[in-house]
Amino acid sequence: MRKKSISFIFASLCVWGVITYFLFLDRPIGKEQNKGNIAAKIRDIEERVKEQFAENKKLIQHLRGKLQDQNEAENAESTVVKNAEEAQNAERDKLEAAEEDLKIQVDEAQHVAPEKSLTNEEPVIAVLVFSCNRVTVKRCLDQLIRLRPSAEQFPIIVSQDCEHEPTTNVIQSYGEQLTHIRQPDQSDIDIPPKEKKFKGYFKIARHYGWALNQVFLEFGFETAIIVEDDLDVAPDFFEYFLGTYPLLVKDNSLWCISAWNDNGKSELVDDSGHHLLYRTDFFPGLGWMLTKDIWMELGPKWPKSYWDDWIRKPEQRKDRACIRPELSRTRTFGKIGVSNGLFYEKHLKFIKLNDVFVPFTKMNLTYLLKDNYDMAFVNEVYQSRVVNYSELKSDTLPKSSPVRIPYHTRQAYKNTAKMLGLMDDFRSGVPRTSYRGVVTFFYRGRRVHLAPNANWAGYDITWS
Ligand SMILES: *[C@@H]1O[C@H](CO)[C@@H](O)[C@H](O)[C@H]1NC(C)=O
Ligand SMILES: *[C@@H]1O[C@H](CO)[C@@H](O)[C@H](O)[C@H]1NC(C)=O
């Protein structure tokens, strides 16, 4: 009896001891186990992410291989690969989100501030290079590839028309550094008899329309820079477009960023004005950036020929402006073909290419937004001293402040422009580089505005 009750008490004590032990130790152990569980879950998720990546990579490789074997059209390949890549991206996003959730739980458990997540805020901008039958596209492509800060951020798409085999071979030699697409419609274009000699312009317009649809609708890019196969680019070509990109997105009164200054000859630019940018009502082209939104507007009514003059018409421009630099970020190295060789010899080859890298992405460019720019611009122009051509030429004026040469008629504009070496033509009534009718340039060490009256009422479309 006594033995029994002693045993019973002893047993009870043991049970109590064990319970107390766990009561004291339970929580810390639980916490550690919880952390351990979460860490294990993360490892598990990470494994799954890796596996998923590997699997999808295999799938894509498989699809690529299969498509090549079947020698299917490039379009089909890009669509299927793109779909697979999209599926992979979606899967990865899901897994990354789950992983992120768990990470936050662990961080909270450990009272550690969550690590700043690596979000990709940098825009991806496609570089669309137009090519036809010039093997010298190599010169342009070499520069683009050498200067681009990242292949992911600036994917190069070379669109080729004309089926010129030597050019095809040059483009193919770049392998995976770029995407090569070919304009499939090589049929003869129905051209009015009078315009037969302008056939080249019809082919260019067809090619542009097709390739821009590819870039924005098939590839799905949001922004593109358009380059032709005869352009040299400046060291800060990509930096220029990246820095001005936020302006294009934010300011609806802008519809393009151009790398080109139509009056960018050495004698007409400020050599130390590498950082200077302007708004212009004249669409410059020659290395320019547009958004998908603009393409969705222009694409459906894209013309059969002379697209650049078409785009400059009021119906298309709708009072919008482009940004252009003081010093061009592109220069043509010569064109044999559609464009008139004389224009190159007399004008284009004198355009000065910028050679100093300007860190545009680190600069405050908000002064170029319409609301900030217009007031300051109008003030500068119309508060400047009025001079005539003889005074300007005589070089006796103070250099520090800008001056203005007024013009009131089409002919007066043309005369002065000719004397100064400026481009003297108009497109839809707009002189090259003009903003609000004012052509701004640099002459013998001073800033000059060739300007209409302050009460200017808009461009006269009959001026040509
Ligand atoms: C950028 O410049 C504008 C004036 O154009 C000024 O109002 C603004 O505060 C500046 N922004 C920064 C971040 O410095
Ligand atoms: C230019 O302006 C100066 C000073 O006002 C004047 O003396 C001269 O006659 C003008 N020249 C022409 C060609 O109008």
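Structure: see above.
A brief report on the enclosed structure follows. (Residues numbered from 1 in each chain as written. Chains lettered and ligands numbered in written order. Predicted model: local features only at pLDDT ≥ 70, side-chain atom pairs only at ≥ 80, totals over all residues. Heavy atoms only, no water.)

### Here's the deal with the site of ligand 2
Phase 1: What surrounds ligand 2 is the set Asn388, Ser390 and Glu391.
Phase 2: Separating an oxygen atom of ligand 2 from a side-chain N or O atom of asparagine 388 is a distance of 2.3 Å.
Phase 3: Interatomic distance of 3.2 Å between a side-chain N/O atom of glutamate 391 and an oxygen atom of ligand 2.
Phase 4: Relative to its unbound accessible area of 360 Å², ligand 2 is 27% covered by the protein chains. (Near = heavy atom within 4 Å. Polar contact = N/O pair within 3.5 Å; in protein donor to acceptor, adjacent residues only side chain to side chain. Areas by Shrake-Rupley, 256 points an atom, 1.4 Å probe, with all protein chains shown as cover.)

### A few points about helix 4 (residues 165-172)
Phase 1: Within the sequence span of helix 4, burial applies to Thr167, Thr168, Val170 and Ile171. Axial view of helix 4: buried residues confined to an arc of 160°, hence all on one face. (Buried < 20%, exposed > 50% of the residue type's maximum accessible area, 1.4 Å probe, protein only. Helix = DSSP H or I, 4+ residues; strand = E, 2+ residues; numbered from the N terminus. Arc of directions from axis to C-beta.)

### Focus: the state of the cysteines
Phase 1: Tallied over the entire structure, the rule returns 2 disulfides.
Phase 2: Here cysteine 256 is linked by a disulfide to cysteine 322, with a sulfur-sulfur distance of 2.3 Å. Taking the sign of the S-S torsion, about 120° here, the bridge from cysteine 256 to cysteine 322 comes out right-handed. Pair noted here: cysteine 256 is in strand 6 (residues 254-258) and cysteine 322 is in strand 9 (residues 321-325), with a separation of 66 residues, a long-range link.
Phase 3: By relative accessible area, cysteine 256 is classed as buried at 0%.
Phase 4: On the accessibility criterion, cysteine 322 (0% relative accessible area) is buried. (Disulfide = S-S within 2.5 Å.)

### Focus: the sheet that holds strand 1 (residues 126-131)
Phase 1: Strand order in this open sheet of 8 strands is 3-2-1-4-8-6-9-7, and the pairing throughout is mixed. Among the strands making up the open sheet, the edge pair consists of strand 3 (179-182) and strand 7 (277-280). For this sheet, the mean angle separating the axes of adjacent strands, direction not counted, is 25°.
Phase 2: Two elements, strand 2 (residues 156-160) and strand 3, share 4 bridges in a ladder whose sense is parallel. Across the sheet, isoleucine 157 pairs through a bridge with threonine 179, a residue of strand 3.
Phase 3: Across the sheet, helix 5 (residues 199-218) touches strand 1, strand 2, strand 3, strand 4 (223-228) and strand 8 (288-291), and the angle it forms with strand 1 is around 155°. (Pairing = 2+ DSSP bridges. Axes fitted to C-alpha atoms, helices over the stretch in contact; angles between N-to-C directions. Contact = heavy atoms within 4.5 Å.)

### A short note on helix 13 (residues 410-420)
Phase 1: Turning to helix 13, its buried residues are Tyr413, Lys414, Thr416, Ala417 and Leu420.
Phase 2: Looking at the buried residues of helix 13, the elements they touch are helix 12 (389-394), strand 12 (403-406), strand 13 (426-427), strand 14 (430-431), strand 15 (439-443) and strand 16 (446-451).
Phase 3: Note on helix 13: the residue one or two positions beyond its end, glycine 421, has a positive phi of about 85°.

### Section: the side chain of arginine 324
Phase 1: Within the secondary structure layout, arginine 324 lies in strand 9.
Phase 2: Of the side chains with opposite charge, glutamate 326 comes closest to the buried, unpaired arginine 324, at an N-O distance of 4.6 Å.
Phase 3: At 3.4 Å, the side chain of arginine 324 and the backbone oxygen of threonine 440 are in polar contact.
Phase 4: Beyond its immediate stretch of four places on either side in the chain, arginine 324 contacts Tyr240, Ser258, Trp260, Asn261, Leu277, Tyr278, Thr280, Thr433 and Thr440. (Lys, Arg positive; Asp, Glu negative; His and termini not counted. Salt bridge = Lys/Arg side-chain N within 4 Å of Asp/Glu carboxyl O.)

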